[in-house]
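# An overview of the molecular structure
Letter by letter, the chains look like this.
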Amino acid sequence: MAIAFLDSSANNTDQIKKYFLKSRTYFKKIEPILSSIDSENYGFLNQPNILKVEEDDFTDIKVKQPSGYQVLEENIFTDSINVTEVNKHLNLVSNRLKLIKKKLQFQSFKNISLFMVL
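Thresholds, definitions, all that
- Residues numbered from 1 in each chain as written.
- Predicted model: local features only at pLDDT ≥ 70, side-chain atom pairs only at ≥ 80, totals over all residues.
- Heavy atoms only, no water.
- Phe/Tyr/Trp six-rings, centres within 6.5 Å; stacked < 30°, edge-to-face > 60°.
- Helix = DSSP H or I, 4+ residues; strand = E, 2+ residues; numbered from the N terminus.
- Buried < 20%, exposed > 50% of the residue type's maximum accessible area, 1.4 Å probe, protein only.
- Lys NZ or Arg CZ within 6 Å of the ring centre and 35° of its normal.
- Core = buried A, V, L, I, M, F, W, Y, C linked by side-chain atoms within 4.5 Å.
- Contact = heavy atoms within 4.5 Å.
- Pairing = 2+ DSSP bridges.
- 1 Å grid on protein atoms, 1.4 Å probe; cavity = no way out; pocket = protein on both sides within 12 Å on 5 of 7 lines; lining within 4 Å.
- Points joined across faces, edges and corners; volume = space filled by probe spheres on them.
- Nonpolar A, V, L, I, M, F, W, Y, C, P; charged D, E, K, R; others polar.

The next thing to look at is the packing of aromatic side chains. In the structure shown here, the tally under the stated rule is six aromatic pairs. Between the aromatic rings of phenylalanine 5 and tyrosine 26, the centroid separation amounts to 6.0 Å while the plane-to-plane angle is 20°, which identifies the pairing as stacked. Here phenylalanine 5, found in helix α1 (residues 2-11), pairs with tyrosine 26, found in helix α2 (residues 16-37); they are 21 residues apart in sequence, far enough to count as distant. Given the relative accessible area of 33%, tyrosine 26 is considered partly exposed. The ring centre of phenylalanine 44 lies 3.9 Å from the NZ or CZ of arginine 96, which sits over that ring.

Here's what the structure looks like:
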């Protein structure tokens, strides 16, 4: 459902705040499990809106632009929405969620697995 609401946001900018909040609500439901079993994707989806600088050595410095729900929230709940920027992040987050859904089959988890995660 989180994916469906994000995809709806991209197609309906009049309802973007409503759809974003619904998507985030569904994301929050799987957040504890996702943070335990797939911390890399969880980190991407829940990272703060701060540039990340990675330096392997003084000749290889990479600046990574953040994306995820927090970045979307800051871009959506503002006085003037930059639709191009919002749609870019909507697509990134939606595609990451689709990748997670394809990679992880939550239906295959047993109750004991979920208990151990929580």
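Here the focus is the nonpolar core. The biggest cluster of nonpolar side chains holds 19 residues, and the ones touching the most others in it are Leu6, Leu34, Leu45, Tyr69, Leu72, Val93 and Leu97. Among the elements that line this core, the one with the most residues is helix α5 (residues 83-103), at five residues.

Here histidine 89 is to be found in helix α5. Residue classification places histidine 89 among the buried positions, given a relative accessible area of 3%. The residues contacting histidine 89, other than those within four sequence positions of it, are Pro66, Ser67, Val71, Leu72 and Asn75.

Little of strand β1 (residues 52-57) sits out of view: just zero of its six residues are buried. Alignment of β1 against strand β2 (residues 60-64), held across five bridges, turns out to be antiparallel. Paired with glutamate 54 across the two strands is lysine 62, which belongs to β2. Between β1 and β2, which follow one another and run antiparallel, lie two residues.

Attention now goes to the layout of surface pockets. The computed volume of the second largest pocket comes to approximately 220 Å³. Lining the second largest pocket are Glu40, Gly43, Phe44, Gln47, Ile50, Lys52, Glu54, Lys64, Gln65, Pro66 and Arg96. Elements supplying a minimum of two residues to the lining of the second largest pocket: α3 (39-45) and β1. Looking at the lining of the second largest pocket element by element, the count peaks at three residues for α3. Of the residues assigned to the lining of the second largest pocket, the class counts are three nonpolar, three polar and five charged.

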